[in-house]
Every structure is written in structure tokens, then in C-alpha cells.
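Below, each chain spelled out in residue letters.
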Amino acid sequence: TAPTITVSAATSGSIIRYTTSGLEPTEVDPVVASGGTVNVGLSATLKAKAFLSGWTASDTVSASYVLNLAAAASPRRKSSPSISFGAPDSFVSRR
């Protein structure tokens, strides 16, 4: 199965928008709640950006994922890996 990535923002009330296409997130892209998850499929470049009214949007945080199908099909594998996608406390900065 494809990995599920947990996305978090340190600034309360911020709205996290993301893309899995590798494009820069904008204010019209899908939203994920802080602590929520995004399914990245077999391979994707996940990009996320936090927005908060009256604040400058955060820098974009990016990570690329590729599912190793041989490892995923192994009968010895008992559980999926836990992958976190996080950002420093300065994920959102004030204008």
C-alpha cells in the first residue's frame, strides 16, 4: 500500500495546503488539518505551505516519496513504516 504522510504546522489556526504533483501549493489547493494525513500514492513530491490570515505564507516544505514495491510485497514485512512530514517552528512567519 502507498504511504500515508502526517503533516503538521506549529502555528495554531494556520491552514495547510498541499500538492502531490510537485507544484507550489496555493490558496486554492487541497487542505489538510495539522496532524492530518495525505496519501502520496506510489511516488510523489509532497509540497505543503501554511497560510494564516494577516500573516505571510510559510516557506514551502517539500519531500519526495517512492514506494519500494519489492519491500512492500515481502511476506516478512509485518507493518508499514511510520513516516512524518514536519517543519520547524518557524513554518509560518508573521508579516
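Refer to the structure printed above.
Description of the structure in this document. These numbers come from a predicted model, not from an experiment. (Residues numbered from 1 in each chain as written. Predicted model: local features only at pLDDT ≥ 70, side-chain atom pairs only at ≥ 80, totals over all residues. Heavy atoms only, no water.)

### Some remarks on the overall build of the chain
Thought 1: Along the chain, the regular secondary structure elements total one helix and nine strands.
Thought 2: Along the chain, from the amino end to the carboxyl end, the secondary structure elements read β-β-β-β-β-β-β-α-β-β.
Thought 3: Put simply, the chain has 95 residues, and 34% of those count as buried.
Thought 4: Within the chain, counting contacts between residues at least 6 apart in sequence, those at least 24 apart form 63% of the total.
Thought 5: Accessible area of the chain: about 5900 Å², with a carbon and sulfur share of 51%. (Helix = DSSP H or I, 4+ residues; strand = E, 2+ residues; numbered from the N terminus. Buried < 20%, exposed > 50% of the residue type's maximum accessible area, 1.4 Å probe, protein only. Contact = heavy atoms within 4.5 Å. Areas by Shrake-Rupley, 256 points an atom, 1.4 Å probe, with all protein chains shown as cover.)

### A look at the pairing of strand 1 (residues 4-7)
Thought 1: Residues of strand 1 alternate between two faces, with Ile-5 and Val-7 buried on one and Thr-4 and Thr-6 left unburied on the opposite face.
Thought 2: Here strand 1 pairs with strand 4 (residues 36-39) via four bridges, running antiparallel. Along strand 4, the bridge assignment pairs Thr-6 with Thr-37. (Pairing = 2+ DSSP bridges.)

### Points about the pairing of strand 7 (residues 61-66)
Regular strands place side chains that alternate from one sheet face to the opposite one.
Thought 1: The alternating pattern of strand 7 places Val-61, Ala-63 and Tyr-65 on a buried face and Ser-62, Ser-64 and Val-66 on a face that is not buried.
Thought 2: Here strand 5 (residues 43-51) pairs with strand 7 via six bridges, running antiparallel. Bridge pairing in strand 7 links Ser-43 to Val-66.

### Notes on the environment of Ser-34
Thought 1: Examined against the element boundaries, Ser-34 turns out to sit in the loop between strand 3 (31-32) and strand 4.
Thought 2: A relative accessible area of 44% places Ser-34 in the partly exposed class.
Thought 3: With 21 residues separating them along the chain, Ser-34 and Gly-13 place their C-alpha atoms 9.0 Å apart.
Thought 4: Excluding anything up to four places from it in sequence, Ser-34 contacts Val-7, Ser-8, Ala-9 and Ile-16.
Thought 5: Polar side-chain contacts of Ser-34 include one of 3.0 Å to the backbone nitrogen of Ala-9. (Polar contact = N/O pair within 3.5 Å; in protein donor to acceptor, adjacent residues only side chain to side chain.)

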